[in-house]
Amino acid sequence: MKVITVNDYADMSKKAANMILERVHYSKKLTLGLATGGTPVGTYEHLIKDHKENKTSYQHVTSFNLDEYVGLDPSDRNSYHYYMNEHLFNHIDIPEQQTHIPNGIAENVQQECNDYDQKIMECDGIDLQLLGLGHNGHIGFNEPGTSFETTTHVVSLTKATREANARFFNSFDEVPTQAITMGIQTIMKSKEILLLVSGKKKSSALARLVNGEMDTTFPASILNKHANVTIVADHDALQEV
Ligand code: GLP
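Not measured: the values here are computed from a predicted model.

### Some details on the overall build of the chain
The number of helices and strands found in the chain is seven helices and 10 strands. Here the C-alpha radius of gyration of the chain, 17 Å, is about what a compact globule of 241 residues would show, namely 18 Å. On the principal axes, the C-alpha backbone points of the chain span a range of 45 × 40 × 35 Å. Put simply, the chain has 241 residues, and 41% of those count as buried. Within the chain, contacts between residues separated by at least 24 positions form 81% of all contacts whose residues are at least 6 apart in sequence.

In structure tokens form, the structure reads like this:
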């Protein structure tokens, strides 16, 4: 894994956006894996700013998001559909039919998971997957204990993850208990992975990832096995490494 050290969240966001833009500019066809949460917001802001100023086009880009809460309608302010529209899709020219997010209100969620993997395969897989890091080492919503062999599946969220995400909801009780997430195998099949980590709160998780052995109790540890991972992390996040 290659680690790029940056000063702070602002620098991390700029660096990540530039890495994404390089691929957007130089590919005829590009499939991006996208993430939600607090970490990539600044990266998306840079992409929007660039689109306004430099007219970078996303007509040739297809996207697949990592995850979505089960039970939240796409119009729900806390759904990842809403997040992606607000933070990126509404502000760039990516065609709507080329953006994919698991449907958390699908009647048959298992079918939805199978279809999602199928669609990723039909696009020849993900070229660049953007990832954040959960405090407990989750990637997407793959919680500790998830098999490294999983494809897209339904998960029960741990209390720790629901607590970490409660800041986006009115109360802890409103945080859904389940989600659909790309599996660890799905993520590992991406040709390239860009992991963003910022802040002291993530420092022990990042230290465990960089120094630790590979273990399903810490899902992100599997990234040690991927041939093309870049971690962009700020000083605060790297303080325990
Ligand atoms: C969330 C998301 C992940 C995200 C991670 C870190 O629960 N499901 O995709 O990367 O946890 O979130 P944050 O960036 O807000 O710290």
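Now that the structure is up, let's keep going.
### Let's talk about the nonpolar core
One finds Leu 131, Leu 133, Leu 194, Leu 195, Val 197 and Val 232 to be the most contacted residues of the largest nonpolar core, which totals 57 residues. Not counting chain neighbours up to four residues away, the residues in contact with Leu 133 comprise Ile 139, Leu 195, Val 197, Lys 202, Ala 205, Leu 206 and Ala 220.

### Things to note about the UniProt feature "active site" (unreviewed entry) in the chain
Under the UniProt annotation, "active site" (unreviewed entry) lies at Asp 67, Asn 136, His 138 and Glu 143. With respect to the helices, strands and loops of the structure, Asp 67 is situated in strand β4 (residues 67-69). When near neighbours in sequence (up to four residues on either side) are disregarded, Asp 67 contacts Tyr 80, Pro 102, Gly 140, Phe 141, Ala 179, Ile 180, Thr 181 and Met 182. For His 138, a count of 25 C-beta atoms within 10 Å gives the class buried. Beyond its immediate sequence surroundings of up to four residues, His 138 is in contact with Glu 143, Thr 161 and Pro 219.

### Details of the sheet that holds strand β6 (residues 128-131)
The strands making up a sheet associate through hydrogen bonds between their backbones, and the pairing can be parallel or antiparallel. In spatial order, the strands read β1-β10-β9-β6-β2-β3-β5; together these seven strands make up an open sheet with parallel pairing. Because the sheet does not close on itself, it has two edges, and the strands there are β1 (2-6) and β5 (99-100). For strand β9 (residues 192-197) and strand β10 (residues 229-234), the ladder comprises five bridges, and the chain directions are parallel. Following the sheet pairing, Leu 195 is matched in β10 by Ile 231.

### Some words on helix α4 (residues 109-122)
The end-to-end C-alpha separation of α4 is 20 Å, in line with the 20 Å expected for 14 residues at 1.5 Å each. Among all positions of α4, only Cys 113, Tyr 116 and Ile 120 are buried. Buried residues of α4 fall within an arc of 60 degrees about the axis and therefore sit on the same side. In this structure, α4 carries Gln 110, Gln 111, Gln 118, Met 121 and Glu 122 as exposed residues pointing more than 90 degrees from its buried face.

### A look at the UniProt feature "domain: Glucosamine/galactosamine-6-phosphate isomerase" (unreviewed entry) in the chain
In the numbering used here, UniProt assigns the "domain: Glucosamine/galactosamine-6-phosphate isomerase" (unreviewed entry) feature to residues 12-229. Helix makes up 33% of residues 12-229 and strand 16%, whereas the separation of the span's terminal C-alpha atoms amounts to 15 Å.

### Points about the sheet that holds β4
If you trace the three strands from one edge of the open sheet to the other, you get β4-β8-β7, paired in antiparallel fashion. Of all the strands in the sheet, just β4 and β7 (153-156) have a single pairing partner and so form its edges. Pairs of neighbouring strands in the sheet enclose a mean axial angle of 25 degrees, with direction left out of account. Pairing geometry for β4 and strand β8 (residues 178-181), over three bridges, is antiparallel. The partner of Glu 68 across the bridge, within β8, is Ile 180.

### Quick look at the packing of helix α1 (residues 9-26) against helix α2 (residues 41-54)
Across the interface, α1 lies against α2 with an axial gap of 8 Å and an inter-helix angle of 55 degrees. One finds that α1 runs oblique with respect to α2. Judged by the sense of rotation from one axis to the other, the crossing of α1 with α2 is right-handed. Together, Tyr 9, Ala 10, Ser 13, Lys 14, Ala 16, Ala 17, Ile 20 and Leu 21 of α1 and Gly 42, Thr 43, Glu 45, His 46, Leu 47 and Asp 50 of α2 make up the contact between the two elements.

### Side note on the environment of Asp 124
Mapped onto the elements of the fold, Asp 124 is located in the loop between α4 and β6. In this structure, the C-alpha to C-alpha distance between Asp 124 and Met 182, residues 58 residues apart in sequence, is 16 Å.

### Details of unusual backbone geometry
Within the chain, Lys 55 stands out as a residue other than glycine whose phi angle is a positive 60 degrees. Phi is positive for Asp 124, which is not a glycine, with a value near 65 degrees. Take Asp 124: there are 11 C-beta atoms within 10 Å of it, and that puts it in the exposed class.

Parameters and conventions
Residues numbered from 1 in each chain as written. Predicted model: local features only at pLDDT ≥ 70, side-chain atom pairs only at ≥ 80, totals over all residues. Helix = DSSP H or I, 4+ residues; strand = E, 2+ residues; numbered from the N terminus. Rg over C-alpha atoms; globule rule 2.2 N^0.38 Å. Buried ≥ 20, exposed ≤ 12 C-beta atoms within 10 Å, placed from the backbone. Contact = placed C-beta atoms within 7 Å. Core = buried A, V, L, I, M, F, W, Y, C linked by C-beta atoms within 7 Å. UniProt positions renumbered as here; feature names shortened; annotations may be inferred. Pairing = 2+ DSSP bridges. Expected span 1.5 Å × (residues − 1). Arc of directions from axis to C-beta. Axes fitted to C-alpha atoms, helices over the stretch in contact; angles between N-to-C directions. Parallel < 35°, antiparallel > 145°, perpendicular 65-115°, else oblique. Left-handed = near helix turned anticlockwise from the far one by under 90°.

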